[in-house]
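Okay, here's what each chain looks like letter by letter:
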Amino acid sequence: MGDGLTWNFQTLFKILCVLTPLTIGLVILDPEEVTYIESQVKGVIGRSVVLECGQSVPTIYIWGFTRPGFSDIRAVLYNYGMGDKLQKMASMFGDVKVLSDSAALVIDNLQLAAEGRFTCQSLYDTNDGAKLIYIFVDLHVLVPITKPSIQMSISAPVEGSAISLLCSVENGTGPLEYIWNRQAALSTGPINVSETTESLLNLTSVNRNHTGWYTCTAKNEVNEVTSDRVWLDVIYGPDQPAINITPYALNSVGYAAIEQDTVSMTCSASSNPPSQYIWFHNNSQIYTGQQFVIERIARSQTGSYMCLAYNTVLNARTKTTIILTVYYLPDGKPICTVLSVNDNQDIALWCSWEGGNPPATLQWVDTQRDGVDVEGLSSISRVKAGRETSNNSTYSCRASHPALRADWSCQTTALLPEGRPSCSATAVKSLEYTMLSCNWEGGLPQASLRWANWRGNFLGKAERSINNQVLPSSPTYSGKEFICQATHPLSRSRACSIRLEAPDLLTPRNSVTVFEGSDVYVTCILKAAYPTSEIVWHNTRNESVWLRPKKYLLHQETSWSNLTIREADGDHDNGTYWCTASNVVGSSRLSIQLLVNKYPTPPNVTISKLLYGRQRTEVVLEWMTQGSGDLTGFMIQRRPARRSLRVRGTTEVEQSMTDPYNPWQIVASSIDPAIRGHKLGGMDPRVLYAFRILAVNHKTTGYPSEVKTPDRPMNCRSRLIFRRMLMLLPQLRVKTLWKTENRLKRPAQVLQLRRFSPLRPPSNHRLLVLSKEIAQPQNQPAPESLRWTLRKQWSSRSRRIDSNFDQVILMLVLSENMKGTLAH
């Protein structure tokens, strides 16, 4: 049938009449009883779309197509029960095919020509007769939007003028929506500039804030695409210039600067394009540029400075003038502090700010009566008795200078350090030395600290705030006291002391018993030690537990330590564990005995069933337990026994892989103790595996079962030959075997043999079992005529006798007289 053929219901009805051999038994319903279904589908050009034709596969179906504005239907694809037939015109729609196990039409690489109405005329063979269904699918092909572009009426408008921007799209299914965004030069992200969704953006009066990158985003129901950004440059300025001076200082007439300093003057006027700057000093041009720098400024450079800003495009000018006065100040700033004098009995207030022209005037001010105690130039001091000075007393030193806009001052406070002196001892250099530390930080002036031993002898000299003394480690210091004496002008002498102690360990349990496989913890407690000591653990082999972090878990605190032994093993974890603590004056060691008991041995296991599935990639195992005992599960192990190698053609050779040193591989574990069967998959069909099963009681495994391999399955050729042999079995005394039940293991299976159909062969295992049950040894040899009958029937059913025939004979396990009959 050609591409131009028009399909309708009458045509389909005629086809059904012609296809009488295919529709035998169908009852054609009333042609008026037709079901019509309509739907709409949208697809995107270049992508895939699926057009459904019912929930199930029709007996016969035809896909047709009608272009928009036309009424005729053109055939696209049909199936009369003999496969899909695709018409030539289908190529104009894209890559057309039928979805697997359905009548749905799939169009890959969808083309615009596919837009129109697709009709699926389907015939179903139901119990009530033939049923016709018409499915109309209106396909709309959508076109994605291409990348839009922006055109501006003016690329560089002057501030206050009007401008328009147009967003153009070449292709895309409407309706289209437009979004306009702007991103300033220094902003982090774009902002929406208009609520309009049209392609034209009008700016009636642009200003400098409209400057930036503009993008438009066009979108439809398929996609959305953003254009390349374009730059809108608004021309404006210059604004009134602003002069910034560094360093910044003001006086009554303008700005001030210190002589010999570097002074930087920067002029800024907002403008686009950027302004050109010209500097004038006392009405004389001195520099061109935005920043004017004067290095090592002198007094002669005092005067007026004017900055002129110029826009070259708009030919506009603005200016600003300032007055700069140069001063000379002393270096730095005034310094004031509190010192300790007269052997830490009195304090001295000291203030200094030397240099400058003229020199700075300094004054110690009494803040309580608002008067001046001492006044001088550059540097002054005042002494006060420590006992007459209250803690947290504040004193102020005021400095004045012509270069200063206001007087400067510095303050200092006589402070007693907070709290009391603190003492500590630490071990240094791997416990070889002891460092005594005394701290009483803070305060003004700082406290004086000095160490003395238990005999009252001083160690070293006095230090301020912190005093550290290092002593060689010695057990003789255990129990001895060391004292740190502290003095300060605002307080009486104070002291702190420490006592060195050797470690002392104890444990709540000296002996711990646990079952194998459980986690167990042992504890050591540090009763006394100063300086503090870390508790170190060693296992039964005197190894540090830090070397095996997966086996041991430590939980350390200041005064105790827990060691957790994970999954205790009776062969390796039984024995004595040690905890040790050491510091600069001694050490202590404590032993803890761990006894790991094994769980009772589980009962033995025997394999009762080991069979292949239909494929040699899976096996089914069943087993039984012998005797009593606790168990928590089973474990299945395997290893290769033989491998089949294909040498030439279909000939296979078996290669032995049995190796007593080849380790067993665990293929299943943690099997529920109530289960006595398991199915394994994922095996290489070329390899014959050996299997064994073990019972498990927690961490204790029982004795392995006997090693077994599954029986080899028959291939397809062998099963075909075996079915033909079954047809001859009635001539070989099968009827006698049915009556002799004591010669059969399961006589009921012989009856099942009679129901075997050549189209539904039994499984390999089932054939093997039945053949073993039926082919029992018999006392009387088969007659000579039976031999010829068997040979004649076999030759008529097989073109040649090959190795498959011998394979079936072996699997039948026939008796000796049967083998003699088949040997011919």
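Note that the structure is a prediction, hence the values are computed from the model and not measured.

Tallying secondary structure elements over the protein chain gives eight helices and 55 strands in all. Within the protein chain, the fraction of its 824 residues that count as buried is 41%. Sequence-distant contacts, at least 24 apart, represent 62% of the contacts inside the protein chain between residues at least 6 apart. For the protein chain, the accessible surface area stands at approximately 45,400 Å², while carbon and sulfur atoms represent 49% of it.

Our next topic: the pattern of salt bridges. Any two side chains of opposite charge can pair, on the condition that their charged atoms come close. Across all of its chains, the model carries 19 salt bridges by this definition. Glu-543 is the partner of Arg-541 in a salt bridge, and the nearest nitrogen-oxygen pair spans 3.8 Å. Taking the shortest distance from any N to any O, the salt bridge between Lys-609 and Glu-622 comes out at 3.8 Å. You can see Lys-609 sitting in strand E48 (residues 604–612) and its partner Glu-622 sitting in strand E49 (residues 619–626), a full 13 residues away along the chain. Given a relative accessible area of 30%, Lys-609 falls into the partly exposed group. Three or more residues joined by partner-sharing salt bridges are found here, namely Glu-38, Arg-117 and Asp-138.

Once that is clear, we can look at the packing of aromatic side chains. Tallied over the full model, the rule gives 20 aromatic pairs. An angle of 5° between the planes, with centres 6.2 Å apart, marks the rings of Tyr-36 and Phe-136 as stacked. Within this pair, whereas Tyr-36 is found in strand E1 (residues 34–44), its partner Phe-136 is found in strand E9 (residues 129–142), the two being separated by 100 residues in sequence. For Phe-136, a relative accessible area of 13% translates into the label buried. With a centroid separation of 6.1 Å and an interplanar angle of 45°, the aromatic rings of Tyr-134 and Phe-136 are classed as tilted. Each member of the pair, Tyr-134 together with Phe-136, is buried. Put simply, the rings of Trp-279, Tyr-287, Phe-292 and Tyr-305 touch in pairs and so form one group of aromatic residues. Over the ring of Phe-70 we find Arg-67; its NZ or CZ atom is 4.0 Å from the centre of that ring.

An order of E41-E47-E46-E43 is seen for the four strands of this open sheet, with the pairing classed as mixed. Sheet topology places strand E41 (511–515) and strand E43 (535–538) at the edges, where each strand pairs with a single neighbour. Ignoring which end each strand starts from, the neighbouring axes of this sheet average 25° apart. Bridge count for E43 against strand E46 (residues 575–583) is four bridges, and the pairing is antiparallel.

The next subject is the confidence of the model for the protein chain. When pLDDT is low, close inspection of the predicted coordinates is not appropriate. On average, residues of the protein chain score 80 in pLDDT, and 79% of them are at 70 or above. pLDDT under 50 marks residues 1–29. Its contacts with residues more than four places away, or in other chains, come to 52 contacts. Below a pLDDT of 50 lies the segment residues 731–824, which in the model reaches 122 contacts outside its immediate sequence neighbourhood of four places, other chains included.

Formed by 39 residues in total, the largest nonpolar core has its most connected members in Cys-351, Trp-364, Leu-436, Trp-451, Phe-482 and Ile-498. The contact partners of Phe-482, leaving out residues within four places of it in the chain, are Leu-436, Trp-451, Ala-452, Asn-453, Trp-454, Leu-459, Leu-471, Tyr-477, Cys-496, Ser-497, Ile-498 and Leu-500.

One can find Lys-97 in strand E6 (residues 95–98). A relative accessible area of 45% means that Lys-97 is categorised as partly exposed. For Lys-97, the residues in contact, after removing those within four places along its chain, are Ala-104, Leu-105, Val-106 and Asp-108.

Enumeration over the complete set of coordinates arrives at eight disulfides. Put simply, Cys-53 and Cys-120 are joined by a disulfide, and their sulfur atoms are 1.8 Å apart. Residues Cys-53 and Cys-120 are joined through a disulfide that is left-handed, its torsion about the S-S bond being -60°. One end of the pair, Cys-53, is in the loop between strand E2 (49–51) and strand E3 (60–66); the other, Cys-120, is in strand E8 (residues 116–126), with 67 residues separating them in the sequence. Each member of the pair, Cys-53 as well as Cys-120, carries the same accessibility label: buried. With a sulfur-sulfur separation of 2.0 Å, Cys-438 is cross-linked through a disulfide to Cys-484.

All right, on to the pairing of E41 then. Side chains Val-512 and Val-514 of E41 all project onto a buried face; the interleaved residues Ser-511, Thr-513 and Phe-515 project onto a face where none is buried. The pairing of E41 with strand E47 (residues 586–597) spans five bridges and is parallel. Pairing of Val-514 across the sheet is with Val-596, part of E47.

Right, let's talk about unusual backbone geometry for a bit. With an omega of 0°, the peptide bond between Leu-444 and Pro-445 qualifies as cis. Not every positive phi belongs to a glycine, and Asn-344 is a case in point at roughly 65°. Within the fold, Asn-344 resides in the loop between strand E26 (335–341) and strand E27 (346–352). Notably, Lys-429 is not glycine yet its phi reads approximately 55°, a positive angle. Structurally, Lys-429 is set in the loop between strand E33 (422–428) and strand E34 (433–439). Since its relative accessible area comes to 58%, Lys-429 is described here as exposed.

A cluster of nonpolar residues, Val-158, Val-313 and Leu-314, forms a patch on the protein surface that exposes about 230 Å² of accessible area. Its place among the elements puts Leu-314 in the loop between strand E24 (303–311) and strand E25 (316–327).

Attention now goes to the environment of Arg-398. Mapped onto the fold, Arg-398 is located in strand E31 (residues 393–400). On the basis of relative accessibility, which here comes to 34%, the residue Arg-398 falls in the partly exposed class. Remark: the alpha-carbon pair of Arg-398 and Val-365, spanning 33 residues in sequence, is separated by 7.2 Å.

Tracing the backbone shows His-210 in the loop between strand E14 (200–203) and strand E15 (212–219). Take His-210: its relative accessible area is 17%, and that puts it in the buried class. The contacts of His-210, once residues within four sequence positions are left out, are Arg-182, Leu-203, Ser-205, Leu-232 and Val-234.

Let's shift gears to the sheet that holds E49. One open sheet holds the three strands; their spatial order is E48-E49-E53, and the pairing between them is antiparallel. Of all the strands in the sheet, just E48 and strand E53 (677–680) have a single pairing partner and so form its edges. Neighbouring strand axes in the sheet, compared pairwise and without regard to direction, differ in orientation by 25° on average. Note that E48 and E49 share eight bridges and pair antiparallel. By the bridge assignment for E49, Lys-609 is matched with Glu-622.

Parameters and conventions
In every chain, residue numbers begin from 1 and rise along the written sequence. Owing to the predicted nature of the model, reporting of local features is limited to residues with pLDDT of at least 70; listing and counting of side-chain atom pairs is limited to 80 or more, with chain, interface and lining totals taken over all residues. To obtain the side-chain values, all non-hydrogen atoms of the structure were used and water was disregarded. Put simply, DSSP H or I for four residues or longer makes a helix, DSSP E for two residues or longer makes a strand, and each gets a number counted from the N terminus. The rule is simple: take the accessible area with a 1.4 Å probe, protein chains only, and divide by the maximum for that residue type; under 20% is buried, over 50% is exposed, in between is partly exposed. By definition, residues are in contact when any of their heavy atoms lie within 4.5 Å. Only the protein chains shown count as cover for residues, with accessible areas throughout obtained via the Shrake-Rupley method and a probe of 1.4 Å. Think of a salt bridge as a Lys or Arg side-chain nitrogen and an Asp or Glu carboxyl oxygen that are within 4 Å of each other. The criterion for an aromatic pair is that two Phe, Tyr or Trp rings (for Trp, the six-membered ring) have centres within 6.5 Å, with stacked assigned to planes under 30 degrees apart, edge-to-face to planes over 60 apart and tilted to the rest. We call a charge positioned over a ring when the NZ of a Lys or the CZ of an Arg lies within 6 Å of the ring centre and within 35 degrees of the ring normal. Note on pairing: two strands pair once DSSP finds at least 2 bridges between them. Fitted lines through C-alpha atoms serve as axes, helices being fitted only where they are in contact, and the angles separating the N-to-C directions of these axes extend from 0 to 180 degrees. pLDDT measures the predictor's confidence residue by residue and takes values from 0 up to 100. The term nonpolar core refers to a set of buried residues drawn from Ala, Val, Leu, Ile, Met, Phe, Trp, Tyr and Cys, joined through side-chain atoms within 4.5 Å. Here, two cysteine sulfur atoms that lie within 2.5 Å of each other are counted as a disulfide. The patches described consist of residues with a relative accessible area above 30% and no salt bridge, like charges being joined within 9 Å and nonpolar side chains (Val, Leu, Ile, Met, Phe, Trp, Tyr) within 5 Å.

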